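# Structure assessment
Each chain, written out:
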Amino acid sequence: MTQEIKASELNAEEFIAHQVEEIRNTVGDGIAINALSGGVDSSVVTMIGHRAVGDQLKTYFIDHGMMREGEPEYVKQVFENLGVNVVVYDAKEEFYKALEGIEDPEEKREAITRTFYKTVFGGLVRETGAKFLLHGTILTDVDETVAGIKRQHNILAQIGVDTEKEFGYHVLEPLIQLRKEGVRIVAEAVGLPEEIYNRMPFLGPALAGRVIGEVTPARIATVRAATTIIEEELAESGAFQYMAILHKDRVTGMRGGGREFGQQIELRCWESIDARTATPTRVPYETLEKMATRIIGEVPGIVSVTYNITPKPPSTMEAI
Ligand code: XMP
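Owing to the predicted nature of the structure, the values given are computational and were not obtained by experimental measurement.

On to the site of the ligand. In the vicinity of the ligand lie 15 residues, with E144, K150, K312, M317 and E318 positioned nearest. Interatomic distance of 2.6 Å between a side-chain N/O atom of K312 and an oxygen atom of the ligand. One of the backbone nitrogen or oxygen atoms of M317 is found 2.7 Å away from an oxygen atom of the ligand. Burial of the ligand by the protein amounts to 92% of the accessible area it has alone, namely 490 Å². For the shell around the ligand, the per-class residue count stands at five nonpolar, five polar and five charged.

According to the domain assignment, the chain contains domain 1 (7-197) and domain 2 (211-307). The centre of domain 1, based on its C-alpha atoms, is set 28 Å off from the matching centre of domain 2. Along the contact surface separating domain 1 from domain 2 lie two salt bridges. With its nearest N and O atoms 2.6 Å apart, the salt bridge here joins E103 to K248. On the surface where domain 1 and domain 2 come into contact, there are seven residue pairs in polar contact (both at pLDDT 80 or more). If one sorts the elements of the side of domain 1 that touches domain 2 by residue count, helix α6 (residues 139-146) sits on top with three residues. In the side of domain 1 that touches domain 2, the residues fall into five nonpolar, three polar and nine charged.

This part takes up the nonpolar core. Ranked by internal contacts, the top residues of the largest apolar core, which has 85 residues, are V44, I48, I62, M66, F79, F121 and V186. Looking at this core element by element, the count peaks at eight residues for helix α5 (residues 105-128). Of the domains in this structure, domain 1 (7-197) and domain 2 (211-307) are the two that each give at least three residues to this core. Apart from residues no more than four positions distant in its own chain, M66 is found in contact with F95, Y96, L99, A206, L207, A208, V215, I220 and R224. Counting residues in each nonpolar core, the second largest holds seven residues, with I245, W270, A278 and M317 among its members.

Analysis parameters
- Residues numbered from 1 in each chain as written.
- Predicted model: local features only at pLDDT ≥ 70, side-chain atom pairs only at ≥ 80, totals over all residues.
- Heavy atoms only, no water.
- Near = heavy atom within 4 Å.
- Polar contact = N/O pair within 3.5 Å; in protein donor to acceptor, adjacent residues only side chain to side chain.
- Areas by Shrake-Rupley, 256 points an atom, 1.4 Å probe, with all protein chains shown as cover.
- Nonpolar A, V, L, I, M, F, W, Y, C, P; charged D, E, K, R; others polar.
- Domains from an automatic or database assignment.
- Salt bridge = Lys/Arg side-chain N within 4 Å of Asp/Glu carboxyl O.
- Helix = DSSP H or I, 4+ residues; strand = E, 2+ residues; numbered from the N terminus.
- Core = buried A, V, L, I, M, F, W, Y, C linked by side-chain atoms within 4.5 Å.
- Buried < 20%, exposed > 50% of the residue type's maximum accessible area, 1.4 Å probe, protein only.
- Contact = heavy atoms within 4.5 Å.

Given below as structure tokens:
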């Protein structure tokens, strides 16, 4: 059972010093790798890891083709400014192939997990000679997976996966005692810019987690375009997290005087402290209308836009 460090009890400087020491002792003069998604968790791990072992840590941005618009370039640039070299690794083909034909949410998560940990990291470990993978898992990820609610893509040891045996490397999880609030405090203390430490959470499976039904490049492009719009329109909302979800069911719409059996986008926006519970934001009606107008006008094939007003629980924050 992992001992939680509550945000109110956290001494960020001590925490960082302790984790740096632990990583240094464990990695020794070996090689470690980590994947940076640009979210606050993996950003903190990147900074702490580099502080611990410098160039012995190889940082990769895994481009699975399911990221938000402009994300690989943005993340690489932010870290370049901080003096950290990030290698963008193109894994689009591997991920889309693994997801082909899969509709069930847990099977999708399983396919993403295996592609990340076995195919991609397994390959990188062989290429670099690394023995360790530094990983940004936090306590909330563990809770929900262990409770059987949703298998978070990054949970391995806690559900009995022996990474050494199955994938050929050890996983180090320096943030496992923290929740999001604590991670943000450490992020600021470790020198990350505000655009990162206050960044809205984003899920590891990325936009694949926001497509109900099969994940294809075309369906990802649709949800990506809607995501850009909701992120622009709600940037100043102060909400914990907001998202666009592409539904599988089609509905009859009309455009240009003709019938269009089109697709549906569902919007969600959440107020939350730690993602364990959440309530829908009372987004002003004018903003909802503006988002709907933009989505039906700018995203090809969408004839229906809805806003979800269900709290978590019984909803979860993401749709799959
Ligand atoms: P749910 O949908 O479980 O989401 O209510 C709670 C928080 O966790 C994020 N989330 C994930 N993050 N891998 C991640 O790294 C995942 O598989 C995953 N699933 C959900 C979600 O965005 C929200 O902040």
